[in-house]
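Tertiary structure, described
Each chain is listed here by its residues.
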Amino acid sequence: MLKRKYLYLLLIPQLCFAFALSSLWINNQKARQLMKQNNNKEAAEKFDNSQWKGVAYYKDAQYDRAYAEFSKDKSALGYYNQGNALAQQHKYSEAISAYEESLKLDKNNQDATDNIELLKKLMEQD
């Protein structure tokens, strides 16, 4: 029987770390330092990039706010992270739809495929 605790192992937001340096580099550096110190709420408020902001909210278990930030990104990564945030809110059908959108853009995203299967099993149990 699949346990909910395994859901947390697979639903880890991904983030591309290849950002161009900008004039806001110092604020982002401070925000990253705050995340390292597990001060995710304050970090989220400092980040300018919506993906970073979403990850900070996600780590702070503010999944609705994380979803709002991830929703700004219509890439495969953005949809994948949207699925993670929705799954944490137990919105499994919506999460599956987000993962499916991610797979349309990146057919090789095995994590999205695995998460869809996991959520379908959880929905069967409920």
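Residues numbered from 1 in each chain as written. Predicted model: local features only at pLDDT ≥ 70, side-chain atom pairs only at ≥ 80, totals over all residues. Heavy atoms only, no water.

1. Some points on the environment of Leu-77
Examined against the element boundaries, Leu-77 turns out to sit in helix H6 (residues 76-88). Classification of Leu-77 by relative accessible area gives buried; the value is 15%. Sequence spacing of Leu-77 and Glu-101 is 24 residues, and the spatial spacing of their C-alpha atoms is 9.9 Å. (Helix = DSSP H or I, 4+ residues; strand = E, 2+ residues; numbered from the N terminus. Buried < 20%, exposed > 50% of the residue type's maximum accessible area, 1.4 Å probe, protein only.)

2. Re the packing of H6 against helix H8 (residues 110-125)
The angle between the axes and the distance between the axes are what describe a pair of packed helices. For the pair H6 and H8, interaxial distance at closest approach is 11 Å and the crossing angle is 25°. On the basis of the axis angle, H6 is roughly parallel to H8. Judged by the sense of rotation from one axis to the other, the crossing of H6 with H8 is left-handed. Between H6 and H8, the residues in contact are Tyr-80, Asn-84 and Ala-87 and Asp-111, Ala-112, Asn-115 and Leu-119, respectively. Class assignment for the residues of the contact of H6 with H8 results in four nonpolar, two polar and one charged. (Axes fitted to C-alpha atoms, helices over the stretch in contact; angles between N-to-C directions. Parallel < 35°, antiparallel > 145°, perpendicular 65-115°, else oblique. Left-handed = near helix turned anticlockwise from the far one by under 90°. Contact = heavy atoms within 4.5 Å. Nonpolar A, V, L, I, M, F, W, Y, C, P; charged D, E, K, R; others polar.)

3. Thoughts on the environment of Tyr-92
Summarising the element assignment, Tyr-92 is placed in helix H7 (residues 92-105). Residue class for Tyr-92 comes out buried when judged on its relative accessible area of 6%. Here the alpha-carbon distance between Tyr-92 and Met-123, two residues 31 residues apart in the chain, equals 7.2 Å. Looking at Tyr-92, its side chain comes within polar contact range of the side chain of His-90, at 2.8 Å. (Polar contact = N/O pair within 3.5 Å; in protein donor to acceptor, adjacent residues only side chain to side chain.)

4. Focus on the confidence of the model for the protein
Averaged over every residue, the pLDDT of the protein is 84; the share at 70 or more is 79%. By mean pLDDT, the top-scoring element of the protein is H7 (98), and the lowest-scoring one is helix H1 (residues 5-10) (48). Residue range residues 5-9 is modelled with pLDDT below 50. Its contacts to residues more than four positions away, or to other chains, number seven contacts. (pLDDT = per-residue confidence, 0-100.)

5. Comments concerning helix H4 (residues 50-59)
With nine of 10 residues buried, H4 lies mostly within the body of the structure. Residues of H4 that are buried: Ser-50, Gln-51, Trp-52, Lys-53, Gly-54, Val-55, Ala-56, Tyr-57 and Tyr-58. Between the side-chain oxygen of the N-cap and the backbone nitrogen of Gln-51 there are 2.8 Å, and the N-cap of H4 in question is Asn-49. One or two steps after H4, the chain reaches Ala-61, where phi turns positive at roughly 60°.

6. Some words on the packing of aromatic side chains
Applying the stated rule across the entire model yields three aromatic pairs. Taking 5.2 Å as the distance between ring centres and 20° as the angle between the ring planes, the aromatic pair formed by Phe-47 and Trp-52 counts as stacked. Taken as a pair, Phe-47 and Trp-52 share a single burial class, namely buried. The cationic tip of Arg-32 hangs over the ring face of Trp-52; the distance from NZ or CZ to the ring centre is 4.6 Å. (Phe/Tyr/Trp six-rings, centres within 6.5 Å; stacked < 30°, edge-to-face > 60°. Lys NZ or Arg CZ within 6 Å of the ring centre and 35° of its normal.)

7. Some remarks on the side chain of Ser-102
Its location among the elements puts Ser-102 in helix H7. A distance of 2.8 Å separates a polar atom in the side chain of Ser-102 from the backbone oxygen of Ala-76. Setting aside residues up to four positions removed in sequence, Ser-102 forms contacts with Ala-76, Tyr-79, Tyr-80 and Asn-109.

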